[in-house]
Amino acid sequence: MSGLIPGQATAIADGVWRLLALNPGMMTGPGTNTYLIAANDGLLVLDPGPADSQHIINIEAAAADIGLPLSAVLVTHTHRDHSPATTLLRERLPELRRLGPAAPDDGLQDDDWQPDQILGDGDVIALGERRLRVIATPGHVGNHLCFLLEDAGLLFSGDHLIQGSTVVIAPPSGSMKDYLESLQRLQHETLHQLAPGHGDLIDDPQGYIEHTIGHRLRREEKVVRALTQHPDSTASDLVSTVYDDVPVFLHGVATLSLMAHLIKLEQDGRAHRDAEERWALQG
């Protein structure tokens, strides 16, 4: 992956820099991407990442090299690999404004996140003559936002779309139905590049979105086939069949997305479950 060097700021567009956090892993890939975006009063820090003091030092060093002060924090969502560094930044810069969604109460969020301004769909952040527009994209989690730098067609996609793999959809806050609808909505936007929360830039946004939708719908049909062959099964019963192309050590995580598929089929009237969470096709 070009330019994904931990701790080193890389210019990816006019007035935009990427800084890779020091948290590689199974769920984060090479790590969380923090983006610095030039505004009229300084730098916006988009997804400051996990609560890691060295990453904070790297953010401040990058800002010093760029020659602009840090003015605000934006977050795409409040999972613990994306927003907790905000607390450390605020300890050093109490005037730093926090902009983003409210956090759902599902036990998976950054408990310290307290936005000074709650952002919603269609809100615009003025960057001098440029505009950063908020697009609500629930799915990976219910409070997920993307940010579109309109003049560049650059979409900061957080965990809605990442490079190299699909994201986990974990109910109850995550919703496969919402996720697919959010992807379909992005098909109507003018996009030239995706700047994801994990991985490198994606140069064919609409092709990537179309591929992702197709992948999810093909997985959904595997769920339908599995229910045809194994009715009255739990999600754990079905995971090895539906995700037979995924390593077994990932099946625990895959069960979350499988549950999201099952719930979508229920919402679509194609499946139902009993009191013991055993699933079958409707009718």
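Up top is the structure.
Summary of the structure given here.

## Considering the layout of surface pockets
At step 1: Considering only enclosed or pocket space, the largest pocket measures out at about 1000 Å³ in volume.
At step 2: For the largest pocket, the lining is made up of 42 residues, of which Met-27, Thr-166, Val-167, Val-168 and Val-253 are closest to its centre.
At step 3: Sorting elements by how many residues they give to the lining of the largest pocket places helix H4 (residues 205–229) first, with six residues.
At step 4: Across the lining of the largest pocket, the residue classes tally to 18 nonpolar, 18 polar and six charged.

## Quick word on the nonpolar core
Generally speaking, soluble globular proteins have nonpolar side chains that are buried together.
At step 1: Leu-44, Leu-74, Ile-125, Leu-132, Phe-147 and Phe-156 are the most contacted members of the largest nonpolar core, which totals 21 residues.
At step 2: Mapped by element, the contributors of at least two residues to this core are strand E3 (33–39), strand E4 (42–46), strand E5 (70–74), strand E8 (124–127), strand E9 (130–136), strand E10 (145–149) and strand E11 (154–158).
At step 3: Aside from chain neighbours lying at most four places away, what touches Ile-125 is Leu-44, Leu-74, Leu-99, Leu-119, Arg-130, Arg-131, Leu-132 and Phe-147.
At step 4: Judged by nonpolar contacts, the second largest core, of 20 residues, contains Cys-146, Leu-155, Ile-162 and Tyr-179.

## Some thoughts on helix H5 (residues 235–242)
Think of an α-helix as 3.6 residues a turn; residues three or four steps apart then line up on the same face.
At step 1: Regarding H5, the residues found buried are Ala-235, Leu-238, Val-239 and Val-242. Projected down its long axis, H5 shows its buried positions confined to an angular sector of 120°, all on one face.
At step 2: Looking at the buried residues of H5, the elements they touch are H4, helix H6 (251–267) and strand E14 (279–281).

What counts as what
- Residues numbered from 1 in each chain as written.
- Predicted model: local features only at pLDDT ≥ 70, side-chain atom pairs only at ≥ 80, totals over all residues.
- Heavy atoms only, no water.
- 1 Å grid on protein atoms, 1.4 Å probe; cavity = no way out; pocket = protein on both sides within 12 Å on 5 of 7 lines; lining within 4 Å.
- Points joined across faces, edges and corners; volume = space filled by probe spheres on them.
- Helix = DSSP H or I, 4+ residues; strand = E, 2+ residues; numbered from the N terminus.
- Nonpolar A, V, L, I, M, F, W, Y, C, P; charged D, E, K, R; others polar.
- Core = buried A, V, L, I, M, F, W, Y, C linked by side-chain atoms within 4.5 Å.
- Buried < 20%, exposed > 50% of the residue type's maximum accessible area, 1.4 Å probe, protein only.
- Contact = heavy atoms within 4.5 Å.
- Arc of directions from axis to C-beta.

From the geometry alone we can't say anything about function, so treat these as descriptive.
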